[in-house]
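# Coordinates in review
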Amino acid sequence: MNYQEMTKILCRCLFDITATGVTGHFKSSRIPFRDRAGQGIIDEITWNRARNQQRNWETLTQLISLRTQVIDLTMPERFDGAWEFEFATETADAYGPADDPTLILRMDSAGVPMLHTLKTGEIMTTQLMVDGPDQNIWFLPTAINNQ
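To start, this report covers the structure provided alongside it. In this text, all values refer to a predicted model and were calculated from it rather than measured experimentally. (Residues numbered from 1 in each chain as written. Predicted model: local features only at pLDDT ≥ 70, side-chain atom pairs only at ≥ 80, totals over all residues. Heavy atoms only, no water.)

Looking only at helices and strands, the chain has 2 helices and 7 strands in total. Listed N to C, the secondary structure of the chain is β-β-β-α-β-β-β-α-β in terms of helices and strands. Counting every position in the chain, which comprises 147 residues, the buried fraction comes to 38%. In the chain, the share of contacts with a sequence separation of at least 24, taken over all contacts with a separation of at least 6, comes to 59%. Carbon together with sulfur atoms contributes 50% to the accessible area of the chain, which is approximately 8,400 Å² in total. (Helix = DSSP H or I, 4+ residues; strand = E, 2+ residues; numbered from the N terminus. Buried < 20%, exposed > 50% of the residue type's maximum accessible area, 1.4 Å probe, protein only. Contact = heavy atoms within 4.5 Å. Areas by Shrake-Rupley, 256 points an atom, 1.4 Å probe, with all protein chains shown as cover.)

Next up on the list: the packing of aromatic side chains. Taken as a whole, this structure holds 5 aromatic pairs when the rule is applied. Ring geometry for phenylalanine 26 versus tryptophan 47: centroids 5.6 Å apart, planes at 85°, classification edge-to-face. Pair noted here: phenylalanine 26 is in the loop between strand 1 (7-13) and strand 2 (33-34) and tryptophan 47 is in helix 1 (residues 44-64), with a separation of 21 residues, a long-range link. With 5.9 Å between their ring centres and 85° between their planes, phenylalanine 33 and tryptophan 47 make a pair best called edge-to-face. Linking phenylalanine 33 in strand 2 with tryptophan 47 in helix 1, this pair joins segments that are 14 residues apart in sequence. The burial state of phenylalanine 33 is the same as that of tryptophan 47; both residues are buried. Among the aromatic residues, those joined into a cluster by ring pairs are Trp57, Phe85, Phe87 and Tyr95. Its end group placed over the ring of phenylalanine 33, arginine 30 keeps NZ or CZ at 5.3 Å from the ring centre. (Phe/Tyr/Trp six-rings, centres within 6.5 Å; stacked < 30°, edge-to-face > 60°. Lys NZ or Arg CZ within 6 Å of the ring centre and 35° of its normal.)

Among the 7 residues of strand 1, 5 are classified as buried, and the element is accordingly described as predominantly covered. For strand 1 and strand 6 (residues 82-89), the ladder comprises 7 bridges, and the chain directions are antiparallel. Looking at the pairing, cysteine 11 lines up with phenylalanine 85 of strand 6. Strand direction decides the pairing type here: strand 1 and strand 7 (residues 137-142), joined by 6 bridges, are antiparallel. Looking across to strand 7, one finds that isoleucine 9 is bridged to proline 141. (Pairing = 2+ DSSP bridges.)

Scanning all chains against the criterion turns up 5 salt bridges. Arginine 106 is the partner of aspartate 100 in a salt bridge, and the nearest nitrogen-oxygen pair spans 2.9 Å. Arginine 106 gets classed as partly exposed once you look at its relative accessible area, which sits at 22%. (Salt bridge = Lys/Arg side-chain N within 4 Å of Asp/Glu carboxyl O.)

This part is about the pairing of strand 6. Here strand 6 lies mainly inside the structure; 7 of its 8 residues are buried. Summarising the sheet, strand 4 (residues 70-71) and strand 6 pair through 2 bridges and their orientation is antiparallel. When the bridges of strand 6 are listed, isoleucine 71 appears paired with alanine 88. Strand direction decides the pairing type here: strand 5 (residues 77-79) and strand 6, joined by 3 bridges, are antiparallel. Residue glutamate 77 lies in a different strand from strand 6, and its bridge partner there is glutamate 84. Between strand 5 and strand 6, which pair antiparallel one after the other, the connecting turn spans 2 residues, and aspartate 80 there sits at a positive phi close to 50°.

Okay, here's the thing in structure tokens:
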């Protein structure tokens with residue numbers, strides 16, 4: 001792989017995008033269990049919360065995969081009230097020109113509906129905001145380690 005052409009991006013999001021692995025409708029026969037994030041799933045309420053967290057994660061992974069094959073996708077982690085993950089692409093200009101390498105990704109993301117209020121203190125808007133005072137998602141190009 002030619003690392004000179006590879007683009008790596010850090011995504012920071014204020015929506016709860018915990019990757020729980022909970023998919024499908026509630027099944028009482030499967031509880032109790034711990035989801036992939038270690039959360040206890042003990043009833044329909046905790047199932048639905050974990051499912052909605054997973055839905056938000058799925059929405060973002062689908063968004064970043066619209067224009068190119070994503071590689072080296074990390075699982076989201078929560079830091080200081082925001083969720084972060086990184087991913088890379090083999091195509092340097094997949095999301096925008098060299099002077100604004102996330103332009104197209106931001107345009108694709110603007111206004112996309114998200115599920116909210118999954119964690120205490122989470123933002124109350126219902127869509128991704130890529131700029132302005134209510135911005136709740138950031139895409140930041142990062143350096144590639146060429147070693």
